[in-house]
Amino acid sequence: MSQETILEALKEALRRLPGVGPKSAQRMALHLLERDREGMRILAQALASAAEQIRHCTRCNNFAEEELCAICASSRRDHSLLCVVETPSDLVSLEQSGAYNGVYYVLMGRLSPLDGIGPEELGIARLEALLATGRVKEVVLATNPTVEGEATAHYLSELVRAHGIRATRIAYGVPVGGELEYTDRGTLARALTGRREA
Amino acid sequence: MRVSQQPGFVLHSRHYSETSLILEVFTREQGRLGLLAKGARRRSSPWQGMLKPFQPLLLSWTGRSDLALLIGAETEGAAIALDVDSIYCGFYLNELLMRLLHRHDPHERLFDAYRSALRALAGAAVPEIVLRIFEKNLLSDIGYGLVLDRDIQDNAPLVPEALYEYVLDQGPVRVVDSDLHRPPRGIRVHGESLMALALEQLLAPRALRETKSLVRAALSRHLGGRPLHSRRLYQHIQALRSRRGGSDSPT
Ligand SMILES: [Zn+2]
């Protein structure tokens with residue numbers, strides 16, 4: 001293999017990263033080659049280990065390095081409270097709020113009939129297995145307030161209630177510190193329809 | 001080519017790059033087309049929260065390729081508020097349009113029928129009736145309209161109480177007593193049911209039942225044997241609900 005094709009292969013590989021186009025890929029590749037050979041080895045090693053060793057937690061479906069992730073393995077968390085989210089980054093956001101002490105289930109997507117994603121494609125059977133253990137007393141549905149997210153929440157609420165478990169939906173509304181004037185119409189509509197006793 | 005303020009709906013959207021969306025839209029005068037909405041996912045985008053299914057929009061774009069560039073979008077009134085049940089019917093309508101319409105074919109009448117169907121689903125209408133009427137209009141708009149006024153053998157007007165066999169791609173043929181002993185040539189349906197579908201007055205349970213089989217069979221000819229995911233999803237939900245006592249699927 002000549003040097004050019006190795007460099008091309010590196011640029012192609014970098015382009016797999018989100019938001020990286022041909023120009024950024026070229027800049028990254030040349031930067032690493034010119035100034036940070038050691039960084040390249042570290043990066044290669046970290047990528048290889050992650051690809052090899054990070055898998056899905058057998059309970060919550062989030063990424064984990066052991067059979068159970070740190071949250072599922074923790075005895076300090078309330079295992080009777082289960083929050084369902086679409087993606088690992090949604091889980092991170094909820095964790096950062098510090099307001100939640102239950103456990104999670106990560107769907108890794110949402111129901112989307114027009115993309116051909118139904119309950120089987122989403123692996124709902126694993127969530128059902130979790131519900132069937134009898135440990136969960138309440139399921140908090142924290143899918144996004146998009147059309148698909150709402151449909152997913154509705155489907156899951158039927159599923160959860162079919163197991164005789166309580167289902168709740170998180171409230172969406174005006175952001176703290178946000179002004180009504182600058183809140184988009186959809187959010188305002190939800191804030192109004194989702195209003196509670198005050 | 002530049003198109004301004006065209007009434008339209010988003011049928012489906014998917015993420016493109018970090019900040020943009022690729023939309024599949026159905027517009028009144030330009031039919032179905034693909035639009036690139038650059039920067040639509042930025043928090044600062046004026047389109048934030050607007051480019052979603054069931055929201056009446058006025059769309060402006062430029063370019064004539066398979067992926068034109070969205071340059072303007074405004075809401076035309078509030079989003080059509082489909083509740084948890086009718087949202088699956090909304091997905092079903094969108095999936096039918098995605099599967100059966102070719103890009104850039106205008107379907108003005110069908111667009112109006114789609115908008116009315118969404119409004120009816122958001123209102124007090126029976127979803128099943130709304131869907132049957134939309135499906136009938138869809139078939140006729142894509143050139144496969146059902147024959148709902150006469151017997152195709154003798155061109156005699158339909159007799160309400162008579163039984164017919166609807167032969168797909170042809171039309172209804174009246175059943176005589178001796179026919180009842182052999183396998184049917186098509187879907188068995190009463191004259192009254194066909195006439196009710198033509199008049200869009202599907203109130204009788206028998207008419208609803210019979211026209212559902214008929215329209216389903218007619219649609220499946222054009223869906224190439226691939227299942228409709230929204231229908232499957234709805235059936236899943238009904239199955240869950242039937243553990244607690246539920247009703248029939250309208251799709
Ligand atoms: Zn876990």
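Residues numbered from 1 in each chain as written. Chains lettered and ligands numbered in written order. Predicted model: local features only at pLDDT ≥ 70, side-chain atom pairs only at ≥ 80, totals over all residues.

## Considering the packing of helix α7 (residues 147–162) of chain A against helix α6 (residues 229–242) of chain B
Here comes step 1: Direction vectors running N to C along α7 of chain A and α6 of chain B enclose 25°, while the axes themselves pass 9 Å from each other. Here α6 of chain B runs roughly parallel to α7 of chain A, going by the angle between their axes. When you trace α7 of chain A past α6 of chain B, the crossing you get is left-handed. Contact with α7 of chain A, carried on its side by Y155, E158, L159 and A162 of chain A, involves I237, L240 and R241 of chain B of α6 of chain B and no other residues of that element.
Here comes step 2: Looking at the contact of α7 of chain A with α6 of chain B, its residues break down into 5 nonpolar, no polar and 2 charged. (Axes fitted to C-alpha atoms, helices over the stretch in contact; angles between N-to-C directions. Helix = DSSP H or I, 4+ residues; strand = E, 2+ residues; numbered from the N terminus. Parallel < 35°, antiparallel > 145°, perpendicular 65-115°, else oblique. Left-handed = near helix turned anticlockwise from the far one by under 90°. Contact = placed C-beta atoms within 7 Å. Nonpolar A, V, L, I, M, F, W, Y, C, P; charged D, E, K, R; others polar.)

## Some words on the domain arrangement of chain A
By convention, interface size is frequently given as the accessible area that disappears when the constituent parts associate.
Here comes step 1: Along its sequence, chain A is carved into domain 1 (3–53) and domain 2 (77–166).
Here comes step 2: The C-alpha-based centres of domain 1 of chain A and domain 2 of chain A are spaced at 35 Å. (Domains from an automatic or database assignment.)

## What to know about the packing of helix α3 (residues 127–141) of chain B against helix α5 (residues 205–222) of chain B
Each pair of packed helices gets described by two things: the angle between the helix axes and the distance between those axes.
Residues and elements named next belong to chain B.
Here comes step 1: Two elements in contact, α3 and α5, have axes whose closest approach is 10 Å; the angle formed by their N-to-C orientations is 40°. By the angle between their directions, the pair α3 and α5 is classed as oblique. The handedness of the crossing between α3 and α5 comes out as left-handed. Contacts from E128, I129, R132, E135, K136 and L139 in α3 reach L208, T211, K212, V215, A218 and L219 in α5.

## What about α6 of chain B?
Here comes step 1: Given a rise of 1.5 Å per residue, 14 residues ought to cover 20 Å, and the 20 Å separating the end C-alpha atoms of α6 of chain B matches this to within 8%.
Here comes step 2: Every buried residue belonging to α6 of chain B is among H229, S230, L233, Y234, I237 and L240 of chain B, and all of these are buried. Along α6 of chain B, the residues classed as buried sweep out an arc of 140° about the axis, all on the same side.
Here comes step 3: Summarising the contacts, the buried residues of α6 of chain B are in contact with α7 of chain A together with α1 (86–100) of chain B. (Expected span 1.5 Å × (residues − 1). Buried ≥ 20, exposed ≤ 12 C-beta atoms within 10 Å, placed from the backbone. Arc of directions from axis to C-beta.)

## Considerations on the domain arrangement of chain B
All names here are of chain B.
Here comes step 1: Parsing chain B into structural domains produces domain 1 (2–75) and domain 2 (84–251).
Here comes step 2: Computed over C-alpha atoms, the centres of domain 1 and domain 2 are 30 Å apart.
Here comes step 3: Contacts between the two partners involve 13 residues from domain 1 and, on the opposite side, 14 residues from domain 2.
Here comes step 4: Going through the elements one at a time, β1 (2–16), β2 (20–27) and β3 (31–37) are the ones with two or more residues in the side of domain 1 that touches domain 2.
Here comes step 5: By residue number, the principal contributor to the side of domain 1 that touches domain 2 is β3, which donates 3 residues.

## Description of the interface of chain A and chain B
Here comes step 1: At the junction of the two partners, chain A supplies 21 residues and chain B supplies 24 residues.
Here comes step 2: Counting residues per element, the ones that place at least two in the side of chain A that touches chain B are α7 and α8 (185–193) of chain A.
Here comes step 3: Counting residues per element, the side of chain A that touches chain B draws most heavily on α7 of chain A, at 8 residues.
Here comes step 4: Its residues assigned to classes, the side of chain A that touches chain B shows 10 nonpolar, 7 polar and 4 charged.

## Observations regarding the sheet that holds strand β6 (residues 163–167) of chain B
All names here are of chain B.
Here comes step 1: In space, the 3 strands of this open sheet follow the order β7-β6-β8, with antiparallel pairing throughout. For this open sheet the edge positions go to β7 (171–174) and β8 (187–190), each flanked by a neighbour on one side alone. Shown here is a sheet whose adjacent strand axes are inclined to one another by a mean of 40°, direction ignored.
Here comes step 2: Relative to β7, β6 runs antiparallel, the two sharing 4 bridges. (Pairing = 2+ DSSP bridges.)

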